[in-house]
Amino acid sequence: MANPTLAIVGRPNVGKSTIFNRIAGERIAIVEDTPGVTRDRIYAHGEWLGRKFNIIDTGGIDIGDEPFLTQITEQAKIAIDEADVIVFVTSIKEGVTDADERVAKILYQADKPVILAVNKVDNPELRNEIYDFYSLGFGDPIPVAGTHGIGIGDLLDKVCQAFPDDQKQVDDQSIKFSLIGRPNVGKSSLVNAILGENRVIVSSVEGTTRDAIDTKFVAPDGTEYTMIDTAGIRKKGKVYENTEKYSVLRAMQAIDRSDVVLVVLDAETGIREQDKHVAGYAHEAGRGIIIVVNKWDTVDKNGYTMHQFEQTIREEFQYLSYAPIVFVSAKTHQRLNRLPALIKQVDQNHSQRIQSAVLNDVLMDAIAHNPTPTENGRRLRVYYATQVAIKPPTFVIFVNDPDLMHFSYERYLENQIREAFDFTGTPLHLIERKRK
Ligand code: GDP
Ligand code: GDP
């Protein structure tokens, strides 16, 4: 089951993003640099005393050019829609303001726990002023100081207590996948077309997120799939629905719950900047990826068109070189029947395990053909490698000195592994460790 979600709300400048970064901590810093992925995060993973959860900084979701009060109102609504627990941040510096009361009014409508945090309580004397905040009506305010990390542990204790109990792990062998992409590329059309091609066995399985509706179906070969709906897809019409940050947020939540992600592009409009953001998040999350070019029916084609489009994609999404590309049409159903088998193949590759002996044969051959690099007269030595994880396949390579492993040589080793085994559709993680 998916991890619970915490959303942070409050008027601007109370310290929401400071607290968000505190909670997400190093997790944000360690994500690898993927071109096109924006650095101002609104969604991250957190962990407190072994409990894993997701965090949303609603303050980072700007709702177009709307006036300030509309912005904070809509942000509070997003928190109510998306989160299991809401942390309402205020500041001791300004005390209770009209804007705080405005936020409070929206949050009264939430039928989920709201925890009130009073930020910027940098020193103990300020604690006397905290009583004013009872007037907001959310019980005991928790004093914190985001910049110093004071009180964050107490806050997270409260948050974790308020999370719903761990849902029972249902025995579900189905392959989970989602379709992500910017608005209008045809995600909902594809969802409906794919369901039309297959036998739906349980429709509308209640997801963990309020709006998420998952659908299970069986492909003609008998394989079960669960299609994770990025709510935006089938439930359109909210004010904040069309903002880029919100669609990225939905995409990230869906990616989190998927084995395989279908990154949908639009053949009619071509590739846009926002496509790269969405694809970058899928890549960073380490899921299996298939690039689906939709609306192929709209393109005037000759013998080279598909090849040219493919080349453009390879240039624009270099980090996704492992992802297969399919050209489809939700309108005419062209090639849609190929998707289930491809998703299944990618899922298998994503969870494939390679025996150490076989893996080491491949690596030693690779090194014999193309010797390891040297730096200042010192040569990289590779002793042995072993696969330590799946989803995505992760290999630890024991070496004399990890600093001697150049990016290009690592790329070479990765390519050799890919030539020896079918890892189509899955990223591979290579980690160098110094042998003790
Ligand atoms: P947001 O707009 O609610 O996301 O607020 P930010 O996190 O951007 O913080 C707004 C300002 O308050 C920044 O200048 C922060 O450095 C400052 N700030 C955040 N937390 C604290 C705190 O605990 N104490 C003090 N004194 N300042 C803080
Ligand atoms: P979403 O926002 O990504 O869910 O996109 P929609 O499924 O709502 O589709 C956006 C528009 O593209 C709608 O007008 C669809 O009818 C149209 N559309 C979707 N798929 C196709 C396709 O394969 N071919 C054509 N010609 N139009 C499509």
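Per chain, the residues get numbers from 1 upward, laid out in the order the sequence is written. The naming scheme follows written order: chains are lettered A onward, ligands numbered 1 onward. This being a predicted model, a pLDDT of at least 70 is required before a residue's local features are given, and a value of 80 or more before pairs of side-chain atoms are given or counted; all residues contribute to the totals for chains, interfaces and linings. Water and hydrogen atoms play no part in the side-chain values, which are based on all heavy atoms of the structure.

### Remarks on the site of ligand 1
Only a single heavy atom is needed: when it lies within 4 Å of a molecule or strand, its residue is near that molecule or strand. In the region of ligand 1, 15 residues are neighbours, and Asn13, Lys16, Ser17, Thr18 and Asp122 sit closest. Asn119 is positioned such that a nitrogen or oxygen atom in its side chain is 3.1 Å from a nitrogen atom of ligand 1. By the criterion applied in these results, polar contacts are pairs of N or O atoms within 3.5 Å in which, for protein atoms, one can donate a hydrogen and the other can accept it, and in which residues neighboring in sequence qualify only through two side-chain atoms. The side chain of Thr147 places a nitrogen or oxygen atom 3.2 Å from an oxygen atom of ligand 1. In short, Shrake-Rupley with a 1.4 Å probe defines the accessible areas, and a residue's cover is counted only from the protein chains shown. Contact with the protein chains covers 70% of the free accessible surface of ligand 1, which is 580 Å². In terms of residues, the shell around ligand 1 owes the most to one element, helix α1 (residues 16-24), which gives 3 residues. Charged residues are taken to be Asp, Glu, Lys and Arg, nonpolar residues to be Ala, Val, Leu, Ile, Met, Phe, Trp, Tyr, Cys and Pro, and polar residues to be all remaining types, Gly included. Residues of the shell around ligand 1, tallied by class, amount to 3 nonpolar, 7 polar and 5 charged. Numbering of helices and strands runs from the N terminus; a helix is a DSSP stretch of H or I covering at least four residues, while a strand is a stretch of E covering at least two.

### Quick look at the packing of helix α3 (residues 68-82) against helix α4 (residues 98-108)
To get an axis, fit a line to the C-alpha atoms, keeping to the stretch in contact for a helix; angles then go from 0 to 180 degrees between the N-to-C directions. Here α3 crosses α4 at 35 degrees, and the two axes come no closer than 9 Å. Remark: the crossing between α3 and α4 carries right-handed chirality. Along its contact with α3, which presents Phe68, Leu69, Ile72, Thr73, Ala76, Lys77 and Ile80, the element α4 presents Ala99, Arg102, Val103, Ile106 and Leu107. Looking at the contact of α3 with α4 residue by residue, the classes come out as 9 nonpolar, 1 polar and 2 charged. Whether a crossing is left-handed or right-handed is set by the direction in which the near helix is turned from the far one by less than a right angle, anticlockwise for left-handed and clockwise for right-handed. It only takes one pair of heavy atoms within 4.5 Å for two residues to be counted as in contact.

### With respect to helix α7 (residues 244-256)
Given a rise of 1.5 Å per residue, 13 residues ought to cover 18 Å, and the 18 Å separating the end C-alpha atoms of α7 matches this to within 8%. In terms of burial, α7 is largely enclosed, as 11 of its 13 residues are buried. Taken together, the buried positions of α7 are occupied by Lys245, Tyr246, Ser247, Val248, Leu249, Arg250, Ala251, Met252, Gln253, Ala254 and Ile255. The length a helix should cover is 1.5 Å for every residue beyond the first. Relative accessibility thresholds used throughout: buried, under 20% of the residue-type maximum; exposed, over 50%; partly exposed, between the two (1.4 Å probe, protein chains only).

### Considerations on the site of ligand 2
Close contacts around ligand 2 come from 16 residues, with Asn184, Lys187, Ser188, Ser189 and Asp297 the closest. In the model, an oxygen atom of ligand 2 is placed 2.6 Å from a nitrogen or oxygen of the Ser189 side chain. In the model, an oxygen atom of ligand 2 is placed 3.3 Å from a nitrogen or oxygen of the Ser329 side chain. Protein contacts shield 73% of the accessible area of ligand 2, which totals 580 Å² for the unbound molecule. Ranked by residue count, the leading element in the shell around ligand 2 is helix α6 (residues 187-197), at 3 residues. Each residue belonging to the shell around ligand 2 can be placed in one class, and the counts come to 3 nonpolar, 7 polar and 6 charged.

### A closer look at the packing of aromatic side chains
Ring geometry is summarised as follows: Phe, Tyr and Trp rings, the Trp one being its six-membered ring, pair when their centres sit within 6.5 Å, and such pairs are stacked at plane angles under 30 degrees, edge-to-face over 60 and tilted between the two. Taken as a whole and judged by the stated rule, the model has 14 aromatic pairs. Aromatic pair Phe177 and Phe217: ring centres 6.1 Å apart, planes at 85 degrees, arrangement edge-to-face. Separated by 40 residues along the polypeptide, Phe177 in strand β7 (residues 175-180) and Phe217 in strand β9 (residues 213-218) bring together distant segments of the chain. On the basis of relative accessibility, which here comes to 0%, the residue Phe177 falls in the buried class. Since its relative accessible area comes to 1%, Phe217 is described here as buried. Arranged with centres 6.2 Å apart and planes meeting at 75 degrees, the rings of Phe395 and Phe423 form a pair that is edge-to-face.

### Concerning the pattern of salt bridges
Salt bridge, as used here, is a side-chain nitrogen of Lys or Arg placed within 4 Å of a carboxyl oxygen of Asp or Glu. Applying the stated criterion across every chain yields a total of 14 salt bridges. When the shortest N-O distance is used, the salt bridge between Arg250 and Glu82 registers 2.8 Å. With Arg250 in helix α7 and Glu82 in helix α3, the pair connects residues that are 168 residues apart, well separated along the chain. Neither residue differs from the other here; Arg250 and Glu82 are each classed as buried. Ionic pairing is found between Asp259 and Lys391, a salt bridge with its closest N-O pair at 3.1 Å. With Asp259 in the loop between α7 and β11 (260-266) and Lys391 in the loop between β16 (382-389) and β17 (394-399), the pair connects residues that are 132 residues apart, well separated along the chain. On the basis of relative accessibility, which here comes to 14%, the residue Asp259 falls in the buried class. Through salt bridges with shared partners, a single ionic network connects Arg11, Glu94 and Asp100.

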